[in-house]
Amino acid sequence: MHKQLFTLLSVLFCLQISASSILVPMDAESQKNHLKAYGITFWILSKQQKVQWLLNYRGGSFLLPDGESIRKECQIRGVSFEILSDDQANAILDEISSPSKNQDAVILEKAPKIAVYSPKGNQPWDDAVTMALTYAEIPYVTIYDEEVLDDKLALYDWLHLHHEDFTGQYGKFYGAYRTVPWYIEGKREAEKLAKKLGYNKVSEEKRAVALKIRNYVIGGGFMFAMCSATDSFDIALAADEVDICEPMFDGDASDPNYQSSLDYNKTFAFRDFILERNPLKYEFSSIDMTGKRGNVPKESDYFSLMDFSAKWDPVPTMLCQNHTTLVKGFMGQTTAFSRSEIKPTVMVLGENKINSEARYIHGIKGKGFFTFYGGHDPEDYQHRVGDPKTELELHPTSPGYRLILNNVLFPAARKKKQKT
């Protein structure tokens, strides 16, 4: 009896020793909560432990160090996981390293410090990124114009731009909402803040903020933006020293022929765009494809993710990790980007082939990176003012939200030497 018990304990002890890794699969069949899996990975990084991101392996799985606390945390958060022996983990890594496989293992080393640029009064459910971070249990700090202009961006590794209007035109809501109390109060608060920060007009203050953010990226920061924060940011940069606002926005006339004064060399992603001059129209420029989607019905509105070489192009590969290559489309003030107005140096990561529009793009600026993602909420097809918030508990495997969280983890990756 004692001998049998000793043998059983020995076997269990050996199994425990050999189970040195935890695999968090990210394929559609094995993972029941993809979004929480990013939170687990971030949590481990925050404890100064490294994680391997297995690019293109079972949907972009994570290889974690083994530990009782990690197993329990996965169970608590509802994240599917598998226990691997040393031999099993090494076999996976050997398979991934094969030149014949479009796969790679990227080491994630340090949890990035995350900032969300958003008005103080906004709730987490006003923005897809804050919803994703909150649901995944990834900590972040909310900052706004005062912190940006006070050079506080240097404290953070990753910055998300809420659905902001950097042109000073109050989101172009004037046509439909100029008499609504929330619009009037928002305009009053924005003017009050601009005056407090030493600017005569909101447009001037927002442009100063955009320039600070530009410098943050050039200096090595990671910037992610969605919806109107994408094109309005580039428009503000192109319109530096140019008044493009009509009197109802800033109290004086716009510069005559301001279109010809735009400097596209100053933008991150877009070129040769035409500004929308009509203040009653809910649109910033020709960059956005929202009004040009008559041939894209809701039932066939999907965009496809590009296929990159994991070993040669790890950055775009990381940003496209998913359990599907076809992602359900969704709309916003800025839904998608005109392919003809994207700079040739910018990578298109996701496109709607029916309409030849880019939905998801990425680029390098100076020492930093930026990603622009069209649309408002990946699980709310046509979000409107006053619509109820999205409950991510109902969408724990959302491919559209996974793209957001890919960007959150991106700064944690160890930088590899450039291959030649």
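For the structure itself, consult the block above.
All values derive from a computational prediction rather than experimental measurement.

(A) The sheet that holds strand S4 (residues 82-84), seen in detail. Strand order in the open sheet formed by five strands is S4-S1-S3-S2-S5, with antiparallel pairing between adjacent strands. A strand with exactly one partner marks an edge of an open sheet, and here the two such strands are S4 and strand S5 (104-108). Each adjacent strand pair in this sheet contributes to an overall mean axis angle of 25°, direction not counted. Running at roughly 35° to strand S3 (residues 61-65), helix H2 (residues 34-45) makes contact with strand S1 (21-24), strand S2 (51-55), S3 and S5 of the sheet.

(B) Molecular detail of the packing of helix H9 (residues 202-218) against helix H10 (residues 228-238). Close contact between H9 and H10 brings their axes to 9 Å; oriented N to C, the two are set at 100°. Judged on the interaxial angle alone, H10 and H9 are roughly perpendicular. Contacts between H9 and H10 pair Arg-207, Ala-210, Leu-211, Ile-213 and Arg-214 from the former with Phe-233, Ala-236 and Leu-237 from the latter. Among the residues forming the contact of H9 with H10, the class breakdown is six nonpolar, no polar and two charged.

(C) Quick look at the pairing of strand S10 (residues 302-305). Here three bridges tie S10 to strand S11 (residues 326-328), and the two strands are oriented antiparallel to one another. Counted as the bridge partner of Tyr-302 is Lys-328 from S11. As judged from the two bridges shared by S10 and strand S13 (residues 347-352), these two strands associate in the antiparallel manner. Opposite Leu-305, over in S13, you have Gly-350 as the bridge partner.

(D) Layout of the packing of helix H5 (residues 128-136) against helix H13 (residues 399-409). Taken N-terminus to C-terminus, the directions of H5 and H13 make an angle of 75°; their axes are 10 Å apart at the nearest point. Considered as vectors, H5 and H13 are oriented roughly perpendicular to each other. Contacts from Ala-128, Val-129, Met-131, Ala-132, Leu-133 and Ala-136 of H5 reach H13 at Tyr-401, Ile-404, Leu-405 and Val-408. Split into classes, the residues belonging to the contact of H5 with H13 amount to 10 nonpolar, no polar and no charged.

(E) Structural context of the nonpolar core. The biggest cluster of nonpolar side chains holds 60 residues, and the ones touching the most others in it are Trp-53, Phe-62, Leu-64, Leu-108, Met-226, Tyr-373 and Ile-404. When residues in this core are grouped by element, the largest group, eight residues, is from H2. Excluding anything up to four places from it in sequence, Leu-64 contacts Ser-21, Ile-22, Val-24, Ile-40, Thr-41, Ile-44, Val-51 and Ile-70. Among the nonpolar cores identified, the runner-up in size contains 47 residues, and Ala-115, Leu-159, Ile-213 and Ala-239 belong to it.

(F) Here's a closer look at helix H8 (residues 181-196). In this model, H8 (16 residues) spans 22 Å end to end at C-alpha, consistent with the 22 Å of a helix rising 1.5 Å per residue. Of all the positions in H8, only Tyr-183, Lys-187, Leu-193 and Ala-194 are classed as buried. One face of H8 carries all of its buried residues, which in axial projection span an arc of 130°. Residues Pro-181, Lys-192, Lys-195 and Lys-196 are exposed on H8 and point more than 90 degrees away from its buried face. Check the buried side of H8 and you find it contacts helix H6 (145-149), helix H7 (174-177), H9 and helix H11 (247-250). Directly after H8, the chain includes Gly-198, whose backbone phi takes a positive value near 95°.

(G) Representation of helix H3 (residues 68-77) in the model. All of the buried residues in H3 are Ile-70, Glu-73, Cys-74 and Arg-77. Across the axial projection of H3, the buried residues extend over an arc of 100°, all falling on one side. Opposite the buried face of H3, by more than 90 degrees, sit the exposed residues Glu-68, Gln-75 and Ile-76. In this structure, the buried side of H3 is in contact with S1, H2, S3 and H5. Following H3 by one or two positions, Gly-78 adopts a phi angle in the positive range, close to 75°.

(H) Expanded view of the pairing of strand S6 (residues 114-117). Where burial is concerned, the two faces of S6 agree: the one with Ile-114 and Val-116 and the one with Ala-115 and Tyr-117 are both buried. Sheet topology note: the S6/strand S8 (residues 158-161) ladder contains four bridges and is parallel. Within the sheet, the bridge partner assigned to Ile-114 lies in S8 and is Trp-158. Here S6 runs beside strand S7 (residues 141-143); their pairing, made up of three bridges, is parallel. Following the sheet pairing, Ala-115 is matched in S7 by Val-141.

(I) Expanded view of the side chain of His-376. Along the chain, the position of His-376 falls in the loop between strand S15 (368-373) and H13. Given the relative accessible area of 16%, His-376 is considered buried. Dropping the residues within four chain positions of it, His-376 is found in contact with Asp-126, Ala-128, His-163, Met-226, Cys-227, Phe-330, Met-331, Gly-332 and His-383.

(J) View of the environment of Pro-388. Relative to the elements of secondary structure, Pro-388 occurs in the loop between S15 and H13. Judged by relative accessible area, Pro-388 falls into the exposed class, the value being 64%. The sequence separation of Pro-388 and Pro-314 amounts to 74 residues, and the corresponding C-alpha distance is 37 Å. Every residue in contact with Pro-388, bar those within four places of it in the chain, is listed here: Asp-380 and His-383.

(K) Inspection of the pattern of salt bridges at higher detail. One pass over the structure, following the stated rule, counts 25 salt bridges. Linking Asp-243 and Lys-201 is a salt bridge whose minimum nitrogen-to-oxygen distance equals 2.9 Å. In this pair, Asp-243 is assigned in the loop between H10 and H11 and Lys-201 in the loop between H8 and H9, connecting sequence segments 42 residues apart. Across the pair, exposure class does not vary: Asp-243 and Lys-201 are buried alike. The residue Lys-281 makes a salt bridge to Glu-276 at a minimum N-O spacing of 3.7 Å.

Rules and cut-offs
Residues numbered from 1 in each chain as written. Predicted model: local features only at pLDDT ≥ 70, side-chain atom pairs only at ≥ 80, totals over all residues. Heavy atoms only, no water. Pairing = 2+ DSSP bridges. Helix = DSSP H or I, 4+ residues; strand = E, 2+ residues; numbered from the N terminus. Axes fitted to C-alpha atoms, helices over the stretch in contact; angles between N-to-C directions. Contact = heavy atoms within 4.5 Å. Parallel < 35°, antiparallel > 145°, perpendicular 65-115°, else oblique. Nonpolar A, V, L, I, M, F, W, Y, C, P; charged D, E, K, R; others polar. Core = buried A, V, L, I, M, F, W, Y, C linked by side-chain atoms within 4.5 Å. Buried < 20%, exposed > 50% of the residue type's maximum accessible area, 1.4 Å probe, protein only. Expected span 1.5 Å × (residues − 1). Arc of directions from axis to C-beta. Salt bridge = Lys/Arg side-chain N within 4 Å of Asp/Glu carboxyl O.

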